[in-house]
Amino acid sequence: MNAVNYDSVMQTMLKEAEGKRLLLHACCAPCASYCLTATAPFLSVTAFFYNPNMDTAEEYEKRLRELRRLTAETGWADVLETGYRCEDFMAVATGMEQEKEGGARCDRCFRLRLLETARQAKVGGYDFFATTLTVSPMKNAARINRIGFEVAEQCGVAYLPTDFKKRGGYLQSVRLSAQYGLYRQNYCGCIFSKRERETQTPQ
């Protein structure tokens, strides 16, 4: 069975949906930077900052400020956010604290964030929802897209499949981060990822 080229699917959908509204879950400004350059020329985009996996309120606010600054400077999107709701993440992560990054705990986190994005898209009358998570070379786009389609069916709103790392997307996000002086974190945001990263870093 051939793998789906989600980037190609996205390109086709964007050309057919020009002018429609997209709610784009944004994990941080650096990841959002390239994703917005790929979608904003076609769609009216709102960046949705729902990231209850952040290990502290301070980290949450820092990433949110950077996203607001980027979108204000570029005009690529509006920003919608929910406030820091760490209890949402802990509810799905409990019992999976020892999982390696990229494992089942991450799938639960992806589903949590995509489900809330889909719900907000439905309530807000958006035509599509999507996520910036697929720009990371550390994340499996096929798994994320599978979850996206599942929650789209659950919530009754269309999902825009993506693989933003294609066509040099991740490297472009690095370049844009430097151009706009964005804060780039070295872990996904959750306390478990941070601990794992710290144990791998030479002292």
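Below, the structure is looked at part by part. From a predicted model like this one, the values you see are computed outputs, not experimental measurements. (Residues numbered from 1 in each chain as written. Predicted model: local features only at pLDDT ≥ 70, side-chain atom pairs only at ≥ 80, totals over all residues. Heavy atoms only, no water.)

**Topic: the overall build of the protein chain**
- The helix and strand tally for the protein chain stands at 8 helices and 5 strands.
- Shown N-terminal to C-terminal, the secondary structure of the protein chain runs as helices and strands in the order α-β-α-β-α-β-α-α-β-α-β-α-α.
- A sequence separation of at least 24 residues applies to 74% of the contacts in the protein chain between residues at least 6 apart.
- If you sum the accessible surface of the protein chain, you get close to 9,700 Å²; carbon and sulfur atoms cover 51% of it. (Helix = DSSP H or I, 4+ residues; strand = E, 2+ residues; numbered from the N terminus. Contact = heavy atoms within 4.5 Å. Areas by Shrake-Rupley, 256 points an atom, 1.4 Å probe, with all protein chains shown as cover.)

**As for the side chain of Thr162**
- Counting through the fold element by element, Thr162 comes out in the loop between β5 (158-159) and α7 (169-180).
- At a separation of 2.7 Å, a polar atom in the side chain of Thr162 contacts the side chain of Thr134.
- Those residues in contact with Thr162 that sit more than four places away from it in its chain are Tyr6, Met10, Ala130, Thr131, Thr134, Ala141 and Asn145. (Polar contact = N/O pair within 3.5 Å; in protein donor to acceptor, adjacent residues only side chain to side chain.)

**Description of the sheet that holds strand β2 (residues 44-49)**
- Across the sheet, 5 strands lie side by side as β3-β2-β1-β4-β5; this open sheet has parallel pairing. The strands lining the two open edges of the sheet, one partner per strand, are β3 (78-81) and β5.
- Pairing between strand β1 (residues 21-25) and β2: 5 bridges, direction parallel. Within β2, the residue paired with Leu23 across the bridge is Thr46. (Pairing = 2+ DSSP bridges.)

**Focus on the state of the cysteines**
- Tallying each qualifying case throughout the model produces 0 disulfides.
- Left without a disulfide partner, Cys27 is nearest to the cysteine sulfur of Cys31, which lies 3.7 Å away.
- Classification of Cys27 as buried rests on a relative accessible area of 10%.
- Of all cysteine sulfurs, the one in Cys31 lies closest to Cys35, which takes part in no disulfide; the gap is 6.7 Å. (Disulfide = S-S within 2.5 Å. Buried < 20%, exposed > 50% of the residue type's maximum accessible area, 1.4 Å probe, protein only.)

**Side note on the environment of Cys31**
- Following the sequence through the fold, Cys31 ends up in helix α2 (residues 29-39).
- Relative accessible area serves as the criterion here: at 16%, Cys31 is assigned to the buried category.
- For the pair Cys31 and Arg184, spaced 153 residues apart in the sequence, the C-alpha separation amounts to 9.1 Å.
- For Cys31, the contacting residues outside a window of four places in its chain are Thr132 and Val135.

**Regarding the environment of Arg119**
- Relative to the assigned elements, Arg119 resides in helix α5 (residues 104-124).
- Here the alpha-carbon distance between Arg119 and Cys155, two residues 36 residues apart in the chain, equals 6.2 Å.

**Focus: helix α1 (residues 6-16)**
- Looking only at α1, the buried set comprises Tyr6, Asp7, Met10, Gln11 and Leu14. End-on, the buried residues of α1 take up no more than an arc of 140°, which puts them together on one face. Facing away from the buried side of α1 by over 90 degrees, the exposed positions are Lys15 and Glu16. (Arc of directions from axis to C-beta.)

**A word on the environment of Ala3**
- Relative to the elements of secondary structure, Ala3 occurs in the segment before α1.
- Along the backbone, Ala3 and Ala142 are 139 residues apart, and their C-alpha atoms lie at a distance of 8.4 Å.

**Observations concerning the packing of aromatic side chains**
- Evaluated as defined, the whole model comprises 7 aromatic pairs.
- The interplanar angle of 10° and the centroid separation of 6.1 Å between the aromatic rings of Phe48 and Tyr50 together place this pair among those described as stacked. For the pair formed by Phe48 and Tyr50, the shared burial category is buried.
- Their ring planes at 65° and their centres at 5.0 Å tell us that Phe49 and Tyr60 sit as a pair that is edge-to-face. In this pair, Phe49 is assigned in strand β2 and Tyr60 in helix α3 (residues 57-74), connecting sequence segments 11 residues apart. (Phe/Tyr/Trp six-rings, centres within 6.5 Å; stacked < 30°, edge-to-face > 60°.)

**Things to note about the nonpolar core**
- Among the nonpolar cores identified, the biggest contains 56 residues, and Leu22, Leu24, Phe129, Leu160 and Phe164 are the most heavily contacted of them.
- Examining the composition of this core, we find that 8 residues originate from one element, α5, more than from any other.
- Ignoring anything within four residues of it in the chain, the contact list for Leu24 reads Cys35, Leu36, Thr39, Val45, Thr46, Ala47, Phe48, Ala130, Thr131, Thr132 and Phe164. (Core = buried A, V, L, I, M, F, W, Y, C linked by side-chain atoms within 4.5 Å.)

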